[in-house]
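Here's the letter readout for the chains.
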Amino acid sequence: MISLLPLQTSEPLIRWNYIGDQWDDIQRKLIDHIELTLISVALGLILSTTLAAIALRYHWTSGPITTISAVIYTIPSVALFGILVPYTGLSKTPAVIALTGYTFLVLVTAIISGFRSVPRAVREAADGMGLSARRRVMSVELPLALPYIMTGIRVATVTTVGLVTVASIIGQGGLGDLILDGLRRTYWTPMIVGAVLSVALALVLDLGLWLLGRAITPWARRARVR
Amino acid sequence: MALDAATAPETPLADERPAIVLRAVTKRFPGMDHLAVDALSLEIPRGSIVALIGPSGCGKTTTLRMINRLIEPTSGSIEIEGEDVTRMPATELRRGIGYVIQQVGLFPHRTVSQNIATVPRTLGWEKARIRARIDELVELVGLDPAMLGRYPDELSGGQQQRVGVARALAADPPVLLMDEPFGAVDPIVRGRLQDELISLQRRVHKTIVIVTHDIDEAIKLADRVALLNVGGIVEQYAPPDEILAAPASEFVEQFVGDDRSSKRLTLARVADLPFSQGPVVDAGATLEEARAAMEAHRTDWVGLVDDGAFLGWVDGRELGPGDAPFDRPRERPAAQVHPESTLREAMEIIMTSSTSVAVIDDGGGFGGVVTLEGIRAALAEGVPERVA
């Protein structure tokens, strides 16, 4: 451990020329990283919506669904990647499976909380006015659940950006490659570039999603002004 | 207006088919060993306000929600305008029935005008028609048009409830169901909203079923009150005055409270009282006739009437032998009531007059007199003719 500390080597923390020299490589890894994040979160959102719909529809399933999502969430990521590789080979598949699995807990609970937050009276009024169940869900309940769902998506996205760096250990690219490379060679520059870009990516995505959430729930901002 | 003992005020709806008919409607919720509503039958006259009232657990809300099939009856049938409600899809049925609930249930993510437009939009109305209808409704429920672009959370409780009523009336449904509509607002706003509902009903003539736990609200708003006991059993279904005057059971008596007589004073009108000529004689009457009239009514005053017009009161104590009552000084009647005055107003006037009698001024003519004794007797007898 101690030997990894940069202070014990003459290697500087950052060599600026590396960024220019390796720009193509960095850019490719950044794009890989974004791709893996977006695919996993999107897939996670689709599957979580299905799971949450089942949990909301059949109440007895909501306990088991949340528990299983929580168990998946607690498996150490390194171990999960390792377990999956023998079945899937070294491809994007194990990475996507694992990353998607990690989003379940956050997304499923966010969607369930969102729909449960819809006031009973609102649902009753919608039914009482003769809205079909489908229309009630899509045009009344979903919009009202959005603040919760958007928060869930933000948390899931930020978490996934971090986890994608770990997926590098099974060789699926992303900014984690830079970090691993730096560690292996005691060459700090790629490690720092990888880490900084990963954090920046998380912040940018979070900010973007926050702005998107604000834009699609204008009533939530006005409500407090009274 | 003829002041007849059997004054029968207009009941224009009595001979028409009722708008809503419940026949032996029963509801058993799964897992409950008692019935929520037990074979309830009720006819709701078109264009009238009917209040369902009773203690919690009496099934009043369940009954209301069975009318628009938010709850499906276990057995029995419900007809609206002669049509069984189970004949059409529930969503279609509900679009034709206005529905107002205590918590209002406005859509927080929709503006006021979008909320009001919900049913018309579902029905596929054109934009211009919806817009015109919204303008109409805003005026009808007394809403500030500036509110239309706001979100519900930016409105006060009273304003929200007005939007709720406007939204329920948007597609002009013949039937309006209201579940404790004014339960969540403070008493002052509640009173105002009740008054507004009464004047609104005069313009729209809907068939309104309103659930409430407040007997005063039921008395104030309803043309008929259905008092339910636990388990959805109708204890009494009658106009408010009859409920107050002649409670059908001890349960009803307890439910309406000890002050039911004074509650009735605000309901009954002078015209509802049996006609009373009072100690009144013709202008040409002799002293003996005047004395006889005073004796019969045990009073010291005698009124003179000439050709249907009331001339004034004569003090009987000043009538000496040989005096013609017409020649004595007369006092103009200070205490005058109108046939449409409530008994409470009549009582107020009598209390402050010197003759303990109020003269009914029927548009310039003499319509009889009202005495405290007459009011008391009417309340004691119970039922004025129109509710018998």
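Since this is a predicted model, take the numbers as computed values, not measurements.

Procedures and definitions
Residues numbered from 1 in each chain as written. Chains lettered and ligands numbered in written order. Predicted model: local features only at pLDDT ≥ 70, side-chain atom pairs only at ≥ 80, totals over all residues. Heavy atoms only, no water. Helix = DSSP H or I, 4+ residues; strand = E, 2+ residues; numbered from the N terminus. Expected span 1.5 Å × (residues − 1). Buried < 20%, exposed > 50% of the residue type's maximum accessible area, 1.4 Å probe, protein only. Arc of directions from axis to C-beta. Contact = heavy atoms within 4.5 Å. Phe/Tyr/Trp six-rings, centres within 6.5 Å; stacked < 30°, edge-to-face > 60°. Lys NZ or Arg CZ within 6 Å of the ring centre and 35° of its normal. Axes fitted to C-alpha atoms, helices over the stretch in contact; angles between N-to-C directions. Parallel < 35°, antiparallel > 145°, perpendicular 65-115°, else oblique. Left-handed = near helix turned anticlockwise from the far one by under 90°. Nonpolar A, V, L, I, M, F, W, Y, C, P; charged D, E, K, R; others polar. Patch = residues over 30% accessible without salt bridge, like charges linked within 9 Å, V, L, I, M, F, W, Y side chains within 5 Å. Areas by Shrake-Rupley, 256 points an atom, 1.4 Å probe, with all protein chains shown as cover. Salt bridge = Lys/Arg side-chain N within 4 Å of Asp/Glu carboxyl O. Lys, Arg positive; Asp, Glu negative; His and termini not counted. Charge placed at Lys NZ, Arg CZ, Asp CG, Glu CD. Buried area = accessible area lost by both parts, 1.4 Å probe. Polar contact = N/O pair within 3.5 Å; in protein donor to acceptor, adjacent residues only side chain to side chain. Pairing = 2+ DSSP bridges. Right-handed = clockwise from strand over helix to strand, strands pointing away.

(A) Geometry of helix α3 (residues 62-74) of chain A. All names here are of chain A. Taking 1.5 Å per residue as the helical rise, α3 with its 13 residues ought to reach 18 Å, and the 18 Å between its terminal C-alpha atoms agrees with that figure. Buried within α3 we find Ser62, Ile65 and Ser69. Down the axis of α3, the sector holding all buried residues measures 70 degrees, keeping them to one side. Opposite its buried face, α3 presents the exposed residues Ile68 and Thr74, each directed more than 90 degrees away. Lining the buried residues of α3 we find α2 (23-57) and α5 (92-116).

(B) How the structure looks around the packing of aromatic side chains. Applying the stated criterion across every chain yields a total of 4 aromatic pairs over all chains. The interplanar angle of 90 degrees and the centroid separation of 5.7 Å between the aromatic rings of Tyr18 of chain A and Tyr187 of chain A together place this pair among those described as edge-to-face. With Tyr18 of chain A in helix α1 (residues 16-21) and Tyr187 of chain A in the loop between α8 (176-185) and α9 (188-216), this pair connects stretches of sequence that are 169 residues apart. Considered together, Tyr18 of chain A and Tyr187 of chain A belong to a single accessibility category, that of buried residues. Across from the ring centre of Trp125 of chain B, 3.6 Å away, lies the NZ or CZ of Arg129 of chain B, which sits over that ring.

(C) Structural detail: the packing of α5 of chain A against helix α7 (residues 133-166) of chain A. Residue and element names in this part refer to chain A. Here α5 crosses α7 at 155 degrees, and the two axes come no closer than 8 Å. Between α5 and α7, the angle is such that the two are roughly antiparallel. Read as a crossing pair, α5 and α7 show a hand that is right-handed. Here the contact of α5 with α7 is built from residues that sort into 17 nonpolar, 5 polar and 1 charged.

(D) View of α2 of chain A. Residues and elements named next belong to chain A. Here α2 contains 35 residues, and its C-alpha end-to-end distance of 50 Å stays within 8% of the 51 Å for a straight helix at 1.5 Å per residue. Residues Ile26, Lys29, His33, Leu36, Thr37, Ser40, Val41, Gly44, Ser48, Ala52 and Ala55 constitute the buried set of α2. Tucked inside the fold, the buried residues of α2 contact α1, α3, α5, α7, α8 and α9.

(E) Region of the structure containing a negative patch on the surface. Residues Asp282, Glu288, Glu289, Asp306 and Asp307 of chain B make up a contiguous surface patch of negative charge. Within the secondary structure layout, Asp282 of chain B lies in strand β11 (residues 280-282).

(F) Examining the interface of chain A and chain B more closely. Facing the 21 residues of chain A at the interface are 28 residues of chain B. Surface buried jointly by chain A and chain B totals about 2100 Å² across both partners, of which 61% is contributed by carbon and sulfur atoms. Counting every contact that joins chain A to chain B gives 1 salt bridge. Put simply, Arg65 of chain B and Glu124 of chain A hold a salt bridge, and the shortest N to O gap is 2.6 Å. At the surface where chain A touches chain B, the tally comes to 6 residue pairs in polar contact (both at pLDDT 80 or more). Counting residues per element, the side of chain A that touches chain B draws most heavily on helix α6 (residues 120-128) of chain A, at 7 residues.

(G) Spatial organisation of the side chain of Arg65 of chain B. Within the element layout of this structure, Arg65 of chain B appears in helix α1 (residues 60-67). Using a relative accessible area of 18% as the deciding quantity, one classes Arg65 of chain B as buried. At 2.6 Å, the side chain of Arg65 of chain B and the side chain of Glu124 of chain A are in polar contact. Ignoring sequence-local partners within four residues, the contact set of Arg65 of chain B consists of Glu124 of chain A together with Leu70, Ile71 and Tyr99 of chain B.

(H) Summary view of the pairing of strand β8 (residues 207-212) of chain B. All names here are of chain B. Within β8, 6 of the 6 residues are buried, which leaves the element mostly enclosed by the surrounding structure. Burial along β8 is two-sided: Thr207, Val209 and Val211 and Ile208, Ile210 and Thr212, pointing in opposite directions, are all buried. Where strand β7 (residues 175-179) lies against β8, 5 bridges are found, and the strand directions are parallel. Across the sheet, Met178 pairs through a bridge with Ile210, a residue of β8. Handedness of the β7-helix α7 (residues 187-204)-β8 crossover: right-handed.

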